[in-house]
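Structural description and commentary
Okay, here's what each chain looks like letter by letter:
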Amino acid sequence: MQKILNYINGELITPKNNQWLDNYQPATGEVYSLIPDSDADDIALATEAAKAAFPSWSTMPVGERSKIMLRIAELIEEKLPELAKAESIDNGKPLSLATTVDIPRARDNFHFFATGIIHFASEAHPMEDKVVNYTLRQPIGVVGCISPWNLPLYLFTWKIAPALAAGNCVVAKPSEVTPMTAFLLSKICQEAGLPKGVLNIVHGLGQKVGDAITVHKDIKAISFTGGTKTGATIASKAAPMFKKLSLELGGKNPNIIFADCDFEDALTTSVRSSFANQGQICLCGSRIFIERSIYTQFCDAFVEKIKQLKVSFPTDPDANLGAVVSKPHLEKVLSYIQLAKEEGGTVLCGGNQVHLDGEYTNGYYLEPTVIEGLEYTCRTNQEEIFGPVVTLTPFDTEEEVLQMANSVEYGLAATVWTENLKRAHRMGQKIEAGIVWINCWLLRDLRTPFGGMKNSGVGREGGFEALKFFTEPKNVCIKL
Ligand code: NDP
């Protein structure tokens, strides 16, 4: 069986303890590769390698660093079919999605920050005659990057690329649930000539490897994407060590549809924003609020469209939804559907596990599920489910929908559908979310600040925000 290896000091190596974990293929429910069950010893090795690489990487002319990163982007592009296939096998997502979204975005992340660093500049503050302050932005040193399973290479590279571009050396951990494309990225880095130790990828469990990154004294900053609870654990350990933290956490995003919207656009986009990637995107809108005058019309049309979605094995070109990521996750989502029923919800469509034929019979498939009739305060409407489940709720006024939308502990993203320009601006200002899409969803300009308010996170990624996070500002004051 194929063994995934750690990438430490430029070499692909086994974990020091020689312990391994099973890696499941969600489409079949079968184990198809082994993952290092690494621990603090491997993190110590990786951190030593990163420390040793830091002096030359951080002082390398920016243009040269950029060239190596551009080569990595080129290689991701060249190997797109292989990477997309690996991502789809590892995660269960439709191959078409991995081919058109995940891997192109991983390439773009490297390309974006490889070029972005060339344009990165800092400020000067002339004070009075003959005194000037200028801000030096220096790389931090060794930084840790920890990423989740839903968009594996996409989110992994979204952290690694700005960290490397800014001149840091990295110790990174992909989710143990979806490690394969991070492993393939290690081989790409070797081929691209990334100097040894600059990037180190250590595989294994969050509670061992992730924790060892969090508490290692020489890892000075951590960029984490994952659940809110894990974010709190990391913060509680890293904050007393005064580490710099960027936390991108969970969400429970509202999708608000006013009667004056472009109905067809709102309808088709809501299908996508509810169920893309089996609803496992932190930006998916899981609570759909619909103005009462179009509630029935919207519900009927929405449910009709959802019934036409095809749940199938990931290589089926007609698959709209593939498998969810793991058995525990499937069970978690099913338990929320049960909870919704207990809370008084009516399942308008879906609600059940799907059993495909042949080799896919034990895969983790789930019908896209639409539920109505729930209080906005109930657990189903307050807790993150992170699967193909959405609720529909009518509203009468702007004030009422804002109150319901903002009632959750999260504040990651929101979508608003209206043709009323003044209302669009009002909603944009009053919704408690780091990202508000008006009449669109998941339109991403990589220069914009990305992140959540409230329990959805601390700090922002994207563009110069990310490069600022991965550098230490130093004021130099000179009297001439
Ligand atoms: P988790 O929080 O379970 O895991 C995220 C990463 O942290 C994984 O690599 C995990 O390892 C690791 N980890 C787990 N425990 C610890 C620990 N104690 N110390 C350090 N690292 C640890 O999230 P999921 O992987 O389940 O991802 C889903 C979550 O991510 C959802 O809540 C979703 O909303 C959120 N998310 C947020 C995004 C955003 O931009 N705000 C984007 C995408 C997802 P392992 O896998 O081995 O447990």
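Sequence order as written defines the numbering, with residues in each chain counted from 1. Side-chain atom pairs in this predicted model are given and counted only at pLDDT of 80 or more, local residue features only at pLDDT of at least 70, and totals for whole chains, interfaces and linings cover all residues. Computation of side-chain values covers all heavy atoms of the structure but excludes hydrogens and water.

At their nearest, the axes of helix α9 (residues 263-275) and helix α10 (residues 295-307) sit 10 Å apart, and the two run at 50° to each other. Between α9 and α10, the angle is such that the two are oblique. The two elements α9 and α10 cross, and the hand of that crossing is right-handed. On α10, the residues touching Phe263, Ala266, Leu267, Thr268, Ser270, Val271, Ser274 and Phe275 of α9 are Gln297, Phe298, Ala301, Phe302, Lys305 and Ile306. The residue inventory of the contact of α9 with α10, partitioned by class, reads nine nonpolar, four polar and one charged. For helices, the axis comes from a line fit to the C-alpha atoms of the stretch in contact; other axes are also lines fit to C-alpha atoms, and the angle between any two N-to-C directions lies between 0 and 180 degrees. Under the DSSP-based scheme used, a helix requires at least four consecutive residues in state H or I and a strand at least two consecutive residues in state E, with every element numbered from the N terminus. Here the word oblique covers every angle except those under 35 degrees (roughly parallel), over 145 (roughly antiparallel) and from 65 to 115 (roughly perpendicular). Two helices cross in a left-handed way if the nearer one is turned anticlockwise from the farther one by less than a right angle. They cross in a right-handed way if the turn is clockwise. A contact between two residues is defined here by any heavy atoms of the two lying within 4.5 Å. Basically, the charged four are Asp, Glu, Lys and Arg, the nonpolar ten are Ala, Val, Leu, Ile, Met, Phe, Trp, Tyr, Cys and Pro, and anything else, Gly included, counts as polar.

A few words on the domain arrangement of the protein. What the domain assignment lists for the protein is domain 1 (2-249 + 456-479) and domain 2 (253-446). With 29 residues of domain 1 at the interface, the matching set in domain 2 holds 29 residues. The term buried area refers to how much accessible surface (probe radius 1.4 Å) is lost by two components on association, counted for both of them together. Of the roughly 2,300 Å² buried where domain 1 meets domain 2, counting both sides, 59% is carbon and sulfur surface. On the domain 1 side of the contact with domain 2, Ala27, Trp149 and Ser456 bury the most area, a combined 23% of that side's loss. Any pair of nitrogen or oxygen atoms within 3.5 Å is treated as a polar contact; in protein, a donor-acceptor pairing is required on top of that, and neighbouring residues in sequence qualify only through side-chain atoms on both sides. Where domain 1 packs against domain 2, one counts 10 residue pairs in polar contact (both at pLDDT 80 or more). The set of elements that each furnish at least two residues to the side of domain 1 that touches domain 2 consists of α3 (80-91) and α4 (95-119). Looking at which element gives the most residues to the side of domain 1 that touches domain 2, the answer is α4, with six residues. Just so you know, the domain bounds were taken from an automatic or database domain assignment.

All right, on to the sheet that holds strand β4 (residues 20-25) then. Taken in spatial order, the three strands of this open sheet run β1-β5-β4, and their pairing is mixed. Because the sheet does not close on itself, it has two edges, and the strands there are β1 (2-3) and β4. The rule for pairing is simple: two strands pair if DSSP sees at least two bridges between them. Relative to strand β5 (residues 30-36), β1 is paired through two bridges, and the arrangement is parallel. Residue pairing across strands places glutamine 2 opposite serine 33, the latter belonging to β5.

Right, let's talk about the layout of surface pockets for a bit. The volume enclosed by the largest pocket comes to roughly 1,200 Å³. Only protein atoms enter the 1 Å grid, on which a cavity is a set of points fitting a 1.4 Å probe that cannot get out and a pocket is an open set with protein on both sides within 12 Å along at least 5 of 7 lines, lining residues being those with an atom within 4 Å of a point. Lining of the largest pocket is provided by 39 residues; of these, Trp149, Phe224, Gly226, Gly227 and Thr230 occupy positions nearest its centre. For the lining of the largest pocket, the elements supplying multiple residues, two or more each, are α7 (206-215), β11 (219-225), α8 (228-238) and α11 (327-342). Among the elements that take part in the lining of the largest pocket, α8 stands out by supplying six residues, more than any other. Structurally, the lining of the largest pocket is a two-domain feature, drawing no fewer than three residues from each of domain 1 (2-249 + 456-479) and domain 2 (253-446). Grid points are joined across faces, edges and corners, and a volume is the space filled by probe spheres set on the points. By volume, the second largest pocket is sized at about 450 Å³. At six residues, α4 tops the list of elements feeding residues into the lining of the second largest pocket. Partitioning the lining of the second largest pocket into residue classes produces 19 nonpolar, four polar and five charged.

Glancing now at the nonpolar core. Burial of nonpolar side chains together is a common tendency in soluble globular proteins. In this text, buried Ala, Val, Leu, Ile, Met, Phe, Trp, Tyr and Cys residues form a nonpolar core when linked through side-chain atoms within 4.5 Å. Buried means the residue's accessible area, taken with a 1.4 Å probe over protein chains only, is under 20% of the maximum for its type, while exposed means over 50%, and partly exposed covers the values in between. Phe110 and Leu283 are the most contacted members of the largest nonpolar core, which totals 97 residues. Structurally, this core is a two-domain feature, drawing no fewer than three residues from each of domain 1 (2-249 + 456-479) and domain 2 (253-446). When sequence neighbours within four positions are dropped, the list of residues in contact with phenylalanine 110 reads Met69, Ile72, Ala73, Ile76, Thr157, Ile160, Ala161, Leu164 and Leu185. Residues Leu267, Leu309, Cys349 and Trp417 belong to the second largest nonpolar core, which totals 30 residues.

To continue, consider a negative patch on the surface. Exposure above 30% relative accessible area and the absence of a salt bridge qualify a residue for a patch, where like charges join within 9 Å and nonpolar side chains (Val, Leu, Ile, Met, Phe, Trp, Tyr) within 5 Å. Under the convention used here, a 1.4 Å probe and the Shrake-Rupley method define accessible areas, while residue burial counts only the protein chains that appear. Throughout this description, the term salt bridge denotes a Lys or Arg side-chain nitrogen within 4 Å of a carboxyl oxygen of Asp or Glu. His is not counted here, nor are the chain ends, while Lys and Arg score as positive and Asp and Glu score as negative. A charge is said to be at NZ when it belongs to Lys, at CZ for Arg, at CG for Asp and at CD for Glu. Taken together, the side chains of Asp262, Glu264, Asp265 and Glu419 present a region of like negative charge at the surface. Within the element layout of this structure, glutamate 264 appears in helix α9.

Right, let's talk about the sheet that holds strand β7 (residues 131-139) for a bit. Pairing in this open sheet of three strands is antiparallel, and the strands run β6-β7-β25 from one edge to the other. The open sheet has two edge strands, β6 (124-128) and β25 (471-479), and neither has a second partner. Within the sheet, the average angular offset between the axes of one strand and its neighbour, ignoring direction, is 25°. As defined by bridge partners, β7 adjoins β25 across nine bridges and the pair is classed as antiparallel. Each bridged residue has a counterpart across the sheet, and for threonine 135 the counterpart in β25 is asparagine 475.

Before going further, it helps to spend a moment on the pairing of strand β18 (residues 369-372). Pairing geometry for strand β15 (residues 346-349) and β18, over three bridges, is antiparallel. The residue of β18 that forms the bridge with threonine 346 is glutamate 372. Bridging between β18 and strand β19 (residues 389-395) involves four bridges; their strand directions are parallel. Across the sheet, the residue bridging to threonine 369 is valine 389, located in β19.

Turning to the site of the ligand, a few remarks are in order. We call a residue near a molecule or strand as soon as one heavy atom of that residue lies within 4 Å of the molecule or strand. Around the ligand, a shell composed of 31 residues is seen, among which Ser147, Thr230, Leu249, Cys282 and Glu384 lie nearest. Taking serine 175, its side chain carries an N or O atom lying 2.8 Å from an oxygen atom of the ligand. Within the side chain of glutamate 176, one N or O atom sits 3.1 Å away from an oxygen atom of the ligand. Calculation on the ligand without its partners gives an accessible area of 890 Å², and the protein chains cover 88% of this total. For a molecule to be placed in a cavity or pocket, more than half of its atoms must lie within 2 Å of the grid points of that cavity or pocket. At a threshold of 2 Å from the grid points, most atoms of the ligand map onto the largest pocket. Those elements giving two or more residues to the shell around the ligand turn out to be α7, β11 and α8. When residues of the shell around the ligand are assigned to their parent elements, the largest contribution, four residues, is made by α7. Across the shell around the ligand, the residue classes tally to 13 nonpolar, 13 polar and five charged. When residues of the shell around the ligand are sorted by domain, at least three fall in each of domain 1 (2-249 + 456-479) and domain 2 (253-446).

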